[in-house]
Amino acid sequence: MIIFLIFLFIPLIEITTLVTVGGYIGFFWTFSLCILTALIGSALLRYQGLQTLTSIRTSFSQNHLPTDELFDGFCLVAAGTLLLTPGFLTDIIGFLLFTPPFRRFLQNFLKKQVKMQTHIHMGFEHTGLSDPNVIDGECQHVEENDNNNNNNDKPL
């Protein structure tokens, strides 16, 4: 339902804003601003995208999972898409996604939301676990030779 409302109201807001701005500064300047923001967005995407790819490679070479860098990459793709979309509201959101402080704020907000949702859906309050960060499980050590010797699927 929320996605339906977003797809309904964002274009209406964008059209209204474009018509209003066009009424004040004229069609040519409004159209030029849309083209300019798309060009600036593609330049920023290229520059920051290359930096993010370099950071991802560095993280992998240091045997670290590049979660922050992957989130940055997702935000950069979203920012580029929003800046290529005609309209001023999407441009504002796109430019915000290009700023690292806004991405960190968004990442921390989403982490808190996911952690809260995970806590609620995993039902830790009903399992009696004292630490919601602990997941109870079992493991079994299997050596290479065990695969050949302990085959229970042998024909009788």
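Right, let's get into the pattern of salt bridges. Pairs may arise between side chains of opposite charge once their charged atoms sit close together. Counted according to the given criterion, the structure contains two salt bridges. Salt bridges sharing partners connect three or more residues here, namely Asp72, Arg103 and Arg104.

Another point: the side chain of Asp91. Summarising the element assignment, Asp91 is placed in helix α4 (residues 88-98). Arg103 provides the closest opposite charge to the buried, salt-bridge-free Asp91, at an N-O distance of 15 Å. With residues up to four places along the chain from it excluded, the contact list for Asp91 reads Thr37, Leu82, Leu83 and Thr85.

Together, Tyr24, Ile25, Phe27, Phe28, Trp29, Phe31, Leu33, Ile35, Leu36, Leu39 and Ile40 line one region of the surface with nonpolar side chains, adding up to about 1,200 Å² of accessible area. Looking at the nonpolar patch, the elements that each hand over two or more residues are α1 (2-25) and α2 (27-61). Among the elements that line the nonpolar patch, the one with the most residues is α2, at nine residues. Looking at where Leu33 falls in the secondary structure, it is placed in helix α2.

Another aspect to go through is the confidence of the model for the protein chain. With 78% of its residues at a pLDDT of 70 or more, the protein chain shows a mean pLDDT of 82. Here helix α6 (residues 124-127) stands out as the least confident element of the protein chain, with mean pLDDT 50; α4 is the most confident, with 93.

Attention now moves to the packing of aromatic side chains. Under the defined criterion, the tally for this structure stands at three aromatic pairs. When the centroid spacing of 5.8 Å and the interplanar angle of 20° are considered together, the rings of Phe27 and Phe31 count as stacked. With Phe27 and Phe31 both in helix α2 and four residues apart, the pair spans about one turn of that helix. Overall, the relative accessible area of 66% leaves Phe27 in the exposed class.

With that settled, consider the nonpolar core. Core analysis: the biggest nonpolar cluster contains seven residues, these being Phe71, Cys75, Leu76, Ala79, Leu83, Leu97 and Phe98. Contributing elements (two or more residues each) for this core: α3 (67-84) and α4. A total of five residues in this core trace back to one element, the largest contributor, which is α3. Sequence-distant contacts of Leu76, that is, excluding residues within four places in its chain, are made with Leu45, Gln48, Gly49, Thr52, Leu97, Phe98 and Arg103.

What counts and what doesn't
Residues numbered from 1 in each chain as written. Predicted model: local features only at pLDDT ≥ 70, side-chain atom pairs only at ≥ 80, totals over all residues. Heavy atoms only, no water. Salt bridge = Lys/Arg side-chain N within 4 Å of Asp/Glu carboxyl O. Helix = DSSP H or I, 4+ residues; strand = E, 2+ residues; numbered from the N terminus. Buried < 20%, exposed > 50% of the residue type's maximum accessible area, 1.4 Å probe, protein only. Lys, Arg positive; Asp, Glu negative; His and termini not counted. Contact = heavy atoms within 4.5 Å. Patch = residues over 30% accessible without salt bridge, like charges linked within 9 Å, V, L, I, M, F, W, Y side chains within 5 Å. Areas by Shrake-Rupley, 256 points an atom, 1.4 Å probe, with all protein chains shown as cover. pLDDT = per-residue confidence, 0-100. Phe/Tyr/Trp six-rings, centres within 6.5 Å; stacked < 30°, edge-to-face > 60°. Core = buried A, V, L, I, M, F, W, Y, C linked by side-chain atoms within 4.5 Å.

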